[in-house]
Amino acid sequence: MDWIEEELRKLREMGLYRELRSLSTPQGKKIVVNGREFLNFSSNDYLGLAKNYSCECFKQWGAGSGASRLVCGNFKIHEKLENRLAELKKTESSLLFSSGYMANVGVISTLAKEGDLILSDELNHASLIDGCRLSKARKIVYPHCDTETLELILSKERKKHRHCFIVTDTVFSMDGDIAPLEKLFRLKDEYDAVLILDDAHGTGVIGWSTLDLFGLKPDEKTIIIGTLGKALGTFGAFVCGTNTLSEYLINRCRTFIFTTSLPPAIVCQTLKNIEKVPEKMKRLQKNINFFKELTGISSQSAIFPLLVETPEEAVKLSQKLYQNGFFVPAIRPPTVKQSRLRITLTSEHTEEEMKLLWNTIKNHLPG
Ligand SMILES: *Cc1c(COP(=O)(O)O)cnc(C)c1O
């Protein structure tokens, strides 16, 4: 298997080599990595809820679920959380999945079949892309947030296909910008399409749902996917839509059917975390506004991209920050086209800590 080593060598040469770093503390704004304490600006634990736990949840439900939902792994607590999530997202129904990756791959490949058309934003998350790849539908990738081009494609191609799906992140995970949801909502209606929204970075950050920001309410042709592993601080994901959608996914979606259901203790903890969200979300919003003013980086979410020229530059800057006690890993191709530091804020950071980070970055920016 020499070719594997050869490929790894090339990755190192190109500054694209990745390696794991291990934490010896729970997730939080302060973490210990390799025996050193860091101020963490890289986590998706936007509300600082990941380290929350309640022994009660384990005592009542146990850690393991023992089977898939359809066998004997469907607990009352799963259904309670699903009802709560549907309520928060303003949909009829919601269905839990074991991860956002599996939800996205499953939903798209289950709904979009041969003869259908998928229109996908070029900066969509890898799991949406993989869902498209797994589907036998025709796929067209449209330029990032470019609704004019999207409409052009729809007007030319829509009629040639049976069903049509517009697929997009709500908050884009590497740039922190928000999709033009108002326009997408209108296009869905005009061209009789289904709108699939991945609200992973919007849920609990922008609001309960990013649609709320636009005063939009999901209808029967809107599907919202959210994750529990980010702002909600636990693990897993959910798909919100109509009762019929849930019913269909339970019967047809392979990433729902053929996997062990979420640990009930985690589901129980998620319900507890949800109670803490409103107050924490306010604090996060305050931090986002403060950091925007401080840095001039444009972002509409808790994700602030600091773009640099080359992968090497990103790695170097990240290393400098690391030496100074800040944890801000570099994001490089193939995850993104343009290398960057991806700074994420949480409700737990103080203004002092944000200033400290920014001063250190300014001291080490090239040029
Ligand atoms: C994190 C993420 C996912 C995957 O969710 P997991 O629960 O971590 O598998 C899907 N979509 C987007 C936009 C994400 O950022």
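Since the structure is predicted, the reported quantities are computational estimates derived from the model, not experimental observations.

A. Structural view of the packing of aromatic side chains. Applying the stated criterion across every chain yields a total of 8 aromatic pairs. With a centroid separation of 6.5 Å and 40° between ring planes, the pair formed by F41 and F326 is classed as tilted. In this pair, F41 sits in the loop between β2 (36–40) and α2 (55–61) while F326 sits in strand β11 (residues 326–327), placing the two residues 285 residues apart along the sequence. On the basis of relative accessible area, F41 is assigned to the buried category, the value being 0%. Residue classification places F326 among the buried positions, given a relative accessible area of 5%. Aromatic pair F291 and W358: ring centres 6.5 Å apart, planes at 75°, arrangement edge-to-face.

B. Examining the pattern of salt bridges more closely. This structure, assessed with the given rule, holds 24 salt bridges. Between R158 and D192 there is a salt bridge, and its shortest N-O distance comes to 3.8 Å. Here R158 is found in the loop between α6 (147–157) and β6 (164–169), whereas its partner D192 is found in the loop between α7 (181–190) and β7 (194–198), with 34 residues between them in sequence. A residue is classified by how much of its surface remains accessible, and D192, at 48% relative accessible area, is partly exposed. Salt bridges sharing partners connect three or more residues here, namely R158, K188, D189, D192, D219 and K221.

Calculation notes
Residues numbered from 1 in each chain as written. Predicted model: local features only at pLDDT ≥ 70, side-chain atom pairs only at ≥ 80, totals over all residues. Heavy atoms only, no water. Phe/Tyr/Trp six-rings, centres within 6.5 Å; stacked < 30°, edge-to-face > 60°. Helix = DSSP H or I, 4+ residues; strand = E, 2+ residues; numbered from the N terminus. Buried < 20%, exposed > 50% of the residue type's maximum accessible area, 1.4 Å probe, protein only. Salt bridge = Lys/Arg side-chain N within 4 Å of Asp/Glu carboxyl O.

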